[in-house]
Amino acid sequence: QKEVEQNSGPLSVPEGAIASLNCTYSDRGSQSFFWYRQYSGKSPELIMFIYSNGDKEDGRFTAQLNKASQYVSLLIRDSQPSDSATYLCAVNPVNRDDKIIFGKGTRLHILP
Amino acid sequence: NAGVTQTPKFQVLKTGQSMTLQCAQDMNHNSMYWYRQDPGMGLRLIYYSASEGTTDKGEVPNGYNVSRLNKREFSLRLESAAPSQTSVYFCASSEAGQGYNEQFFGPGTRLTVL
């Protein structure tokens, strides 16, 4: 069973701190990894994607990928109340770039 | 560009009624998808279309049919609605197959079946 696992949370982080969201996946051959943000009552919005091992930074967001450990994470620096949302991790199965498997998401709550 | 659009935004049906959810994208993407999202269940793929003229079942296809009308449009039909189909439905599109496989979502349709 190919799965993407996330802690459902809620993860509570003080404003200004670093929020760390984690995701593990079971398909060792997966090549592409995505982080989506979903506000309550809204649709998922792509915020980061990463294809290679290591870190990828975009503003306050950093995606980290470790294929050997089958682990991908999202760091949010200087957390703001507007970052409060559900974050979905998503993975392309090996040799299937036309499909994405989504985790169930982690609810993040930034405490003012 | 409007991106991915969906109609209607809200719908209430009675058990046994039928309806079609419409989706259109203006990004010239090859692939389109229909998901449902239920509390605690995450996003589940109903059907997808890798290219115009093709459709394939996803994880939860029972009770649904789809039509890829052209490259822009992908509709989802409920032939005989059941309360278990109460959910939020999202359409998405991507350039999958061209090395760019990020999916972009529409605003969703909130469906209640009584």
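What you see is a predicted model, and the numbers here were worked out from it, not measured in a lab.

Each side of the interface is counted separately: chain B has 23 residues, and chain A has 20 residues. Across the interface of chain B and chain A, roughly 1,600 Å² is buried in total on both sides, 52% from carbon and sulfur atoms. Run the count over chain B and chain A and you get zero salt bridges. Broken down by secondary-structure element, the contributors of at least two residues to the side of chain B that touches chain A are strand E4 (31-38), strand E5 (42-49) and strand E10 (104-105) of chain B. Of all the elements, E5 of chain B adds the most residues to the side of chain B that touches chain A, at four residues. Taken together, the residues of the side of chain B that touches chain A sort by class into 12 nonpolar, nine polar and two charged.

Before going further, it helps to examine the pairing of strand E9 (residues 87-94) of chain B. Residue and element names in this part refer to chain B. The element E9 is extensively covered by neighbouring structure, given that eight of its eight residues are classed as buried. Of the two faces of E9, the one lined by Ser87, Tyr89, Cys91 and Ser93 and the one lined by Val88, Phe90, Ala92 and Ser94 are each fully buried. Bridging between E9 and strand E11 (residues 109-113) involves three bridges; their strand directions are antiparallel. Its bridge partner lying in E11, serine 87 is registered against leucine 111. Strand direction decides the pairing type here: E9 and E10, joined by two bridges, are antiparallel. The residue bridging alanine 92 from the neighbouring strand is phenylalanine 105, located in E10.

In this section: unusual backbone geometry. At the junction of glycine 9 of chain A and proline 10 of chain A, the peptide bond is cis and its omega measures out at 10° in the coordinates. Turning to its location among the elements, proline 10 of chain A is positioned in the loop between strand E1 (4-5) and strand E2 (11-14). Here the amide bond leading from threonine 7 of chain B into proline 8 of chain B is cis, since omega sits at -5°, within 30 degrees of zero.

By the definition in use, this model includes two disulfides over all chains. Between the sulfur of cysteine 23 of chain A and that of cysteine 89 of chain A lies a disulfide, 2.1 Å long from S to S. The sign of the -75° torsion about the S-S bond sets the cysteine 23 of chain A-cysteine 89 of chain A disulfide as left-handed. One end of the pair, cysteine 23 of chain A, is in strand E3 (residues 19-25); the other, cysteine 89 of chain A, is in strand E9 (residues 85-91), with 66 residues separating them in the sequence. What makes cysteine 23 of chain A buried here is its relative accessible area of 1%. Using a relative accessible area of 0% as the deciding quantity, one classes cysteine 89 of chain A as buried. One disulfide bridge connects cysteine 23 of chain B with cysteine 91 of chain B, the sulfur atoms lying 1.8 Å from each other. When the S-S torsion is -75°, as for the bridge of cysteine 23 of chain B with cysteine 91 of chain B, the disulfide is left-handed.

Cut-off values and rules
- Residues numbered from 1 in each chain as written.
- Chains lettered and ligands numbered in written order.
- Predicted model: local features only at pLDDT ≥ 70, side-chain atom pairs only at ≥ 80, totals over all residues.
- Heavy atoms only, no water.
- Contact = heavy atoms within 4.5 Å.
- Buried area = accessible area lost by both parts, 1.4 Å probe.
- Salt bridge = Lys/Arg side-chain N within 4 Å of Asp/Glu carboxyl O.
- Helix = DSSP H or I, 4+ residues; strand = E, 2+ residues; numbered from the N terminus.
- Nonpolar A, V, L, I, M, F, W, Y, C, P; charged D, E, K, R; others polar.
- Buried < 20%, exposed > 50% of the residue type's maximum accessible area, 1.4 Å probe, protein only.
- Pairing = 2+ DSSP bridges.
- Disulfide = S-S within 2.5 Å.

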